Each structure stands twice: as C-alpha cells, then as structure tokens.
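Descriptive analysis of the structure
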Amino acid sequence: MLVDEPRVVLTGATGGLGRALAERLAARRASVLLSDIDEGALGEVAEFVSRGGGKALTAVCDVAKASEVAALRERAEKDLGGVDLVINNAGVAVGGQIGAIPLEDWDWIMGVNLWGVIYGCHEFVPLMRRQGTGHVLNVASIAGMIHGPEMGPYNATKAAVVALSETLYGELRGSGVGLTVRCPYCFKTNIHRAARATPHTIEKLMTKSPVQASEVAELALVACKRDELHCLPHREAKAMSAIKRLSPTLLYDVLMPRVEKLMQRGE
C-alpha cells in the first residue's frame, strides 16, 4: 500500500513516464531518490520535484548493472532511512523481425527491461521484508500480455516482467509488502526516440494516442494504494486482454492485422 509522504526510489526518472511519476509523487510530498543514466537531466527533474512539494535526491544508475542497483539500494537506506515504494521504471525499446535484429540489441534490451527489474526486486524486496512494509511497482506494458509482430525483444522482456511480478506477488503475501505491475496500452512518451529500430506502427500508436503520461502515472499510483496486482489503465489494454483470453486466433489473425493496416494508411 502506498503510504502518505512516501520514501520512493524511481528508476528511469528522466523519461516521459518517469517525469510524470516524479511530478505525481511530489504532489504527495514524497521524498524521491531519482535515478537514471542521464545525469544532466536528473537535476531538472529534481528541481520540479522540489517545486512541487516533494524532496529530491539524485543518483546516476545503469539498471543493467547489478553493482549499480546495489549501490542505489545502499544510498536509499542511508539517505532515506528505508523505502516505502520502489518503481522499476527504466525501459528501452527494440523492434524488427526475429532473425534480423542484431543479438547485441537483444542483450541491450534484456539488460535494461528485464535484468533491471530483476536487480531492483533482488535488492529492494529483502529490505522491505525486513521493514515489514513497502510496495513494488514494476513497469511492464500491454506488450507483456499481447504480443504484436516485429516487437519480439520488447514483448519478451515485458512478458517476463509480468511473470516475475505475478510470482513475487504470491511470495509476498502476508509479508506486509505489496506489488503492482503496470500494463498500459500505447501512450505519449519518448521511449521510441531512444529505441533501436522501433516499428513505425508502434511509433504512430504512441504519437497518436490521446492518453498522457501523467494520467498513466496517477492511475499506477492509485493501483499501488489499492494493492492491485495488475494495473491496466487503458480500455484498449483491457479489451485486448479479454479478447485474447476468449480467442487468441481472433486477436492475432483478425484484429491486429486490421490495426496495422489502419496505421500504415495513417488513419
């Protein structure tokens, strides 16, 4: 459960969703340890957290490196005195056809999207167990449940994050520690700008979506407060998930090709 004025560790803090989460946390008067590989942008995010009513600390951290995530946990223990919410938010994107995507791109996305979450859980969950309180928010995607073409690396990492989160949710029952995994549909963010060969269809879905990162951030924090396991903030995500359960063939053979054709025509 998300407590009042929480102590928070947020990875990927300088991206679109990271900034939106930082803003929403500031409104809750949180003390936030902001982390990212972009040292220059961290100061900017820290400033608007402070202006928004929160307290901000910063730490450069590459979540694909276990030692740096361990150092982030040590910093949180030292400077925050504990952690009420850890948000494993750092993420990147890779697109293309399986067999054509360079293996180094697979290694890159696995390091950030999957190992970054594994390292975050490995370091912070034991701390929260000792506290007897806390909450983990793992940032996945509807791509963790619905697996579109030319998104193999992204789909694989996000599906693994969903599986990891559901496993950990069961392990944490009765411990006083909660877990939420966020699985939104496409929304306006800047992940595609730093992506490696993002499919044009996905970029269009992101840029054309009316949903803002601030809305996704708020709904994710509300889900944490309610101790919800899955956070599917968009009706599209909920609908596609329901259709897949009822008829995977309908989803993959009929609906998804139609969406791709519409996006290719720019509709």
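Scroll up for the structure.
Residues numbered from 1 in each chain as written. Predicted model: local features only at pLDDT ≥ 70, side-chain atom pairs only at ≥ 80, totals over all residues. Heavy atoms only, no water.

Turning our eyes to something else, we now look at the sheet that holds strand E2 (residues 31–36). Spatially, E3-E2-E1-E4-E5-E6-E7 is the arrangement adopted by the seven strands of the open sheet, whose pairing is parallel. Of all the strands in the sheet, just strand E3 (55–60) and strand E7 (230–231) have a single pairing partner and so form its edges. Relative to E7, strand E6 (residues 177–182) runs parallel, the two being bridged by two bridges. When the bridges of E7 are listed, Val 181 appears paired with His 230. This element, helix H2 (residues 39–51), spans E2 and E3 of the sheet and lies at about 170° to E3. Sheet contacts for helix H5 (residues 152–172): strand E5 (134–139), E6 and E7; angle to E6, the most-contacted strand, approximately 160°. (Pairing = 2+ DSSP bridges. Helix = DSSP H or I, 4+ residues; strand = E, 2+ residues; numbered from the N terminus. Contact = heavy atoms within 4.5 Å. Axes fitted to C-alpha atoms, helices over the stretch in contact; angles between N-to-C directions.)

The backbone of Glu 150 shows a phi angle near 60°, a positive value even though the residue is not glycine. Checked against the element boundaries, Glu 150 lands in the loop between E5 and H5. What makes Glu 150 partly exposed here is its relative accessible area of 40%. Positive phi outside glycine occurs at Asp 227, with the angle close to 60°. Residue placement: Asp 227 occurs in the loop between helix H7 (213–225) and E7. A residue is classified by how much of its surface remains accessible, and Asp 227, at 32% relative accessible area, is partly exposed. (Buried < 20%, exposed > 50% of the residue type's maximum accessible area, 1.4 Å probe, protein only.)

Okay, the pairing of strand E4 (residues 85–88) next. Going residue by residue along E4, you find Leu 85 and Ile 87 tucked away on one face and Val 86 and Asn 88 tucked away on the opposite face as well. The sheet contact formed by E4 and E5 spans four bridges and is parallel. Opposite Leu 85, over in E5, you have His 135 as the bridge partner. In this region the chain leaves E4, passes through helix H4 (residues 103–131) and returns to the parallel neighbour E5; the handedness of that crossover is right-handed. (Right-handed = clockwise from strand over helix to strand, strands pointing away.)

Turning our eyes to something else, we now look at the pattern of salt bridges. Enumeration according to the criterion identifies 10 salt bridges in this entry. For Arg 28, the salt bridge identified is with Glu 218, shortest N-O distance 2.9 Å. Within this pair, whereas Arg 28 is found in the loop between helix H1 (16–27) and E2, its partner Glu 218 is found in helix H7, the two being separated by 190 residues in sequence. With its nearest N and O atoms 3.8 Å apart, the salt bridge here joins Glu 77 to Arg 130. In this pair, Glu 77 is assigned in helix H3 (residues 66–80) and Arg 130 in helix H4, connecting sequence segments 53 residues apart. According to the relative accessible area criterion, Glu 77 is partly exposed, its value standing at 31%. Taken together, the shared-partner salt bridges in this structure form one network comprising Arg 73, Glu 77, Glu 123 and Arg 130. (Salt bridge = Lys/Arg side-chain N within 4 Å of Asp/Glu carboxyl O.)

The biggest cluster of nonpolar side chains holds 49 residues, and the ones touching the most others in it are Val 9, Val 83 and Phe 124. The dominant element in this core, judged by the number of residues it contributes, is H4, at 11 residues. Residues within four places of Val 9 in sequence aside, it is in contact with Leu 33, Leu 72, Ala 76, Leu 80, Val 83, Leu 85, Val 86, Ile 87 and Phe 124. Formed by 28 residues, the second largest nonpolar core is a distinct cluster that contains Leu 42, Ala 46, Ala 213 and Val 216. (Core = buried A, V, L, I, M, F, W, Y, C linked by side-chain atoms within 4.5 Å.)

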